[in-house]
Amino acid sequence: MTGISLAAVINVLLFTFLVMTAIAIVRVRHLFAVAMLSGVFSLLSAGLFVALDAVDVAFTEAAVGAGISTVLMLGTMALTVTREKSTKRSPVLPIFVCLVTGAALVYSTLDMPAFGTAQAPIHEHVAPDYIARTPEEIGVPNIVTGILASYRGYDTLGETTVIFTAAVAVVLLLGSFSRKKQKRTGKE
């Protein structure tokens with residue numbers, strides 16, 4: 001394989017598996033399978049982030065996407081049926097909306113600089129400022145960790161609060177569901 005790097009092959013494989021998993025999620029009607037496939041999709045995304053040298057994002061995706069989200073989906077499934085109800089509506093409108101949204105997103109990226117180019121605004125303005133200030137202001141050797149822990153601390157706290165609130169809501173829902181079920185069956 002001359003001219004093709006191992007990293008490119010791994011990226012193509014991960015993207016292929018992501019597409020296959022997404023198609024399977026759309027096609028499957030059993031909700032447990034959808035929850036498990038969503039976890040697989042998140043793990044594949046985390047693998048792709050690792051291949052792109054974004055280990056901090058990969059860790060978050062694995063923990064939140066594959067871990068917490070899968071647990072929340074399974075907890076929610078305890079309150080619902082196990083299979084998706086079939087619909088008699090035509091899928092034309094949702095497909096149209098997805099295509100228009102996708103076209104708008106692609107159109108909005110046409111004027112962006114090429115991926116990884118040194119002339120991108122973030123590389124000319126924001127990144128040099130963070131690289132210069134982080135060691136002096138924070139004293140953490142890893143710049144990404146320093147940015148996430150200090151400059152984006154409130155953002156990280158907000159994300160953690162949202163996930164915690166979602167987990168508490170599912171636990172409360174499951175608790176009320178089990179109490180209602182006990183009342184119906186007459187067990188205490």
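Notes on the structure in this doc start here. For clarity, every value in this text was computed on a predicted model and none was experimentally measured.

**Some words on the environment of Tyr107**
Tracing the chain through its elements places Tyr107 in helix H4 (residues 92–108). Judged by relative accessible area, which is 64%, Tyr107 ranks as exposed. In this structure the C-alpha to C-alpha distance between Tyr107 and Leu43, which are 64 residues apart in sequence, comes to 29 Å.

**A word on a nonpolar patch on the surface**
Together, Leu93, Phe96, Val97 and Val100 line one region of the surface with nonpolar side chains, adding up to about 390 Å² of accessible area. Positionally, Val100 belongs in helix H4. Residue class for Val100 comes out partly exposed when judged on its relative accessible area of 42%.

**Let's talk about the pattern of salt bridges**
Scanning all chains against the criterion turns up two salt bridges. Note that Arg133 is salt-bridged to Asp129, the shortest N-O span being 3.3 Å. Linking Arg133 with Asp129, this pair stays in helix H5 (residues 121–137), spanning four residues, or about one helical turn. Overall, the relative accessible area of 35% leaves Asp129 in the partly exposed class. A salt bridge links Glu137 to Arg133; the shortest N-O distance between them is 3.7 Å.

**Notes on the side chain of Ser45**
In this structure, Ser45 sits in helix H2 (residues 31–51). Residue classification places Ser45 among the buried positions, given a relative accessible area of 11%. Residues within four places of Ser45 in sequence aside, it is in contact with Leu18 and Glu61.

Calculation criteria
Residues numbered from 1 in each chain as written. Predicted model: local features only at pLDDT ≥ 70, side-chain atom pairs only at ≥ 80, totals over all residues. Heavy atoms only, no water. Helix = DSSP H or I, 4+ residues; strand = E, 2+ residues; numbered from the N terminus. Buried < 20%, exposed > 50% of the residue type's maximum accessible area, 1.4 Å probe, protein only. Patch = residues over 30% accessible without salt bridge, like charges linked within 9 Å, V, L, I, M, F, W, Y side chains within 5 Å. Areas by Shrake-Rupley, 256 points an atom, 1.4 Å probe, with all protein chains shown as cover. Salt bridge = Lys/Arg side-chain N within 4 Å of Asp/Glu carboxyl O. Contact = heavy atoms within 4.5 Å.

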